[in-house]
Amino acid sequence: QVQLVESGGGLVQPGGSLRLSCAASGSIFSINAMGWYRQAPGKQRELVAGVTSGGRPNYADSVKGRFTISRDNAKKTASLQMNSLKPEDTAVYYCNAEIRSYGGVRYLGYWGQGTQVTVSS
């Protein structure tokens, strides 16, 4: 079984910072792209940031210059450093990874359970 577990959410004031972490575990042969998505109440889930297996990042325009995604392939983890947070960043943040399991023939998408980020004074 493959599992993604997020941590690091919470309540922060506008202008503050938070760091989210995502750890993959289980019968993992290989991880392709990893990413962070978010979903605010009444809105669709959207991509915040992604990173390829080679470490190349991409960001939503709304977070460029404020958020930084990184990954550690050896530890099977991905992180999202969020700085200069705004109230509109408030959402449930989900980790996503394309994972090939041992014995599997293709990559499948997996989701974490989500972690709440609230930006408010």
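A. Quick peek at the nonpolar core. Membership of the largest hydrophobic core comes to 30 residues, with the highest contact counts inside it found for Trp36, Phe67, Leu80, Met82, Tyr93 and Ile99. Among the elements of the structure, strand E1 (2-7), strand E3 (18-26), strand E4 (28-39), strand E5 (46-51), strand E7 (67-72), strand E8 (77-82), strand E9 (91-101) and strand E11 (115-119) are those that each provide at least two residues to this core.

B. Examining the environment of Ile99 more closely. Examined against the element boundaries, Ile99 turns out to sit in strand E9. Relative accessible area serves as the criterion here: at 1%, Ile99 is assigned to the buried category. In this view, Ile99 contacts Val2, Leu4, Ala24, Ile28, Ser30, Ile31, Arg106, Tyr107, Leu108 and Tyr110; residues no more than four positions away in its chain are not counted.

C. Representation of the environment of Asp61 in the model. Checked against the element boundaries, Asp61 lands in the loop between strand E6 (57-59) and E7. Separated by 13 residues in sequence, Asp61 and Val48 have C-alpha atoms that sit 8.6 Å apart. Within the structure, the side chain of Asp61 is placed 3.1 Å from the side chain of Lys64, a separation counted as a polar contact.

Rules and cut-offs
Residues numbered from 1 in each chain as written. Predicted model: local features only at pLDDT ≥ 70, side-chain atom pairs only at ≥ 80, totals over all residues. Heavy atoms only, no water. Core = buried A, V, L, I, M, F, W, Y, C linked by side-chain atoms within 4.5 Å. Buried < 20%, exposed > 50% of the residue type's maximum accessible area, 1.4 Å probe, protein only. Helix = DSSP H or I, 4+ residues; strand = E, 2+ residues; numbered from the N terminus. Contact = heavy atoms within 4.5 Å. Polar contact = N/O pair within 3.5 Å; in protein donor to acceptor, adjacent residues only side chain to side chain.

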